[in-house]
Amino acid sequence: MLVICFLFTCLSSGPVTSWPTFEPILGNLGVLGSTSNQTSAKLDEVYSIGQGAVLLFGIPMGMLYDLYGPTVVAFIGGLVSVIGLCSMAISIENPEYNWWLFWAYPLSVGGGGLASYSILGFVWLLPENQTFVASLNGASLALSDSLALIGVYLVRKAVCSLSSFF
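Residues numbered from 1 in each chain as written. Predicted model: local features only at pLDDT ≥ 70, side-chain atom pairs only at ≥ 80, totals over all residues. Heavy atoms only, no water.

Draft legend 1. Examining unusual backbone geometry more closely. Within the chain, Leu32 stands out as a residue other than glycine whose phi angle is a positive 50°. Residue placement: Leu32 occurs in the loop between helix H2 (19–28) and helix H3 (41–93). (Helix = DSSP H or I, 4+ residues; strand = E, 2+ residues; numbered from the N terminus.)

Draft legend 2. Inspection of the side chain of Ser40 at higher detail. Locating Ser40 in the fold gives a position in the loop between H2 and H3. The class of Ser40 is buried, set by a relative accessible area of 11%. In terms of polar contacts, Ser40 uses its side chain to reach the backbone carbonyl oxygen of Leu32, at 2.7 Å. Ignoring any residue separated from it by four or fewer positions in sequence, one finds Ser40 in contact with Val31, Leu32, Gly33 and Ser34. (Buried < 20%, exposed > 50% of the residue type's maximum accessible area, 1.4 Å probe, protein only. Polar contact = N/O pair within 3.5 Å; in protein donor to acceptor, adjacent residues only side chain to side chain. Contact = heavy atoms within 4.5 Å.)

Draft legend 3. Looking closely at helix H4 (residues 101–116). An ideal rise of 1.5 Å per residue puts 22 Å on 16 residues; H4 measures up with 22 Å between its terminal C-alpha atoms. Counting buried residues in H4 gives 13 out of 16 residues, a clear majority hidden from the surface. (Expected span 1.5 Å × (residues − 1).)

Draft legend 4. Broad picture of a nonpolar patch on the surface. Together, Met1, Ile4, Phe8 and Leu11 make up a nonpolar patch on the protein surface, roughly 480 Å² of accessible area in all. Within the element layout of this structure, Met1 appears in the segment before helix H1 (2–17). Residue Met1 is classed as exposed on the basis of its relative accessible area, which comes to 73%. (Patch = residues over 30% accessible without salt bridge, like charges linked within 9 Å, V, L, I, M, F, W, Y side chains within 5 Å. Areas by Shrake-Rupley, 256 points an atom, 1.4 Å probe, with all protein chains shown as cover. Salt bridge = Lys/Arg side-chain N within 4 Å of Asp/Glu carboxyl O.)

Draft legend 5. Structural detail: the layout of surface pockets. Volume-wise, the largest pocket comes out at about 300 Å³. In terms of lining, the largest pocket is formed by 15 residues, of which the most central are Cys5, Pro70, Thr71, Ala74 and Ser118. The set of elements that each furnish at least two residues to the lining of the largest pocket consists of H1, H3 and helix H5 (122–125). Of the residues forming the lining of the largest pocket, the biggest block, five residues, is contributed by H1. When the residues that make up the lining of the largest pocket are grouped by side-chain class, the tally is nine nonpolar, six polar and no charged. (1 Å grid on protein atoms, 1.4 Å probe; cavity = no way out; pocket = protein on both sides within 12 Å on 5 of 7 lines; lining within 4 Å. Points joined across faces, edges and corners; volume = space filled by probe spheres on them. Nonpolar A, V, L, I, M, F, W, Y, C, P; charged D, E, K, R; others polar.)

Structure (structure tokens):
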């Protein structure tokens, strides 16, 4: 169950924790006025808002985990992440909805961050491996960054679009 939880955590937070990795592709698509050579100020604002939201909601997310436990947090985090990622895909695909990124990206990042807390429930289930389990939380974010690189590769090779990857 720990491996499954770890893999799903990587998938829920991967596409959005590496925002700068996707910026050149977003520029090629002209998202929020970006170009292939220059990221727009609005795209930078989306990233800043997303990172700020994670910092701002870190304590409430931890309280939610303490109140309801890892199962509920995994469900809510996964659901919020899916809603955010689907909204980002729609936003990227349709220029008239590019402004959705201002709320969809923070939603995705927050959902992925919340889902990553679910790994911490295994600290209590595997007390002899607490450090290993806790390290998986950080490792899931690092591995999810690698998944973003795979996404960039797939987009560059025209295997899928960025919105399909999200």
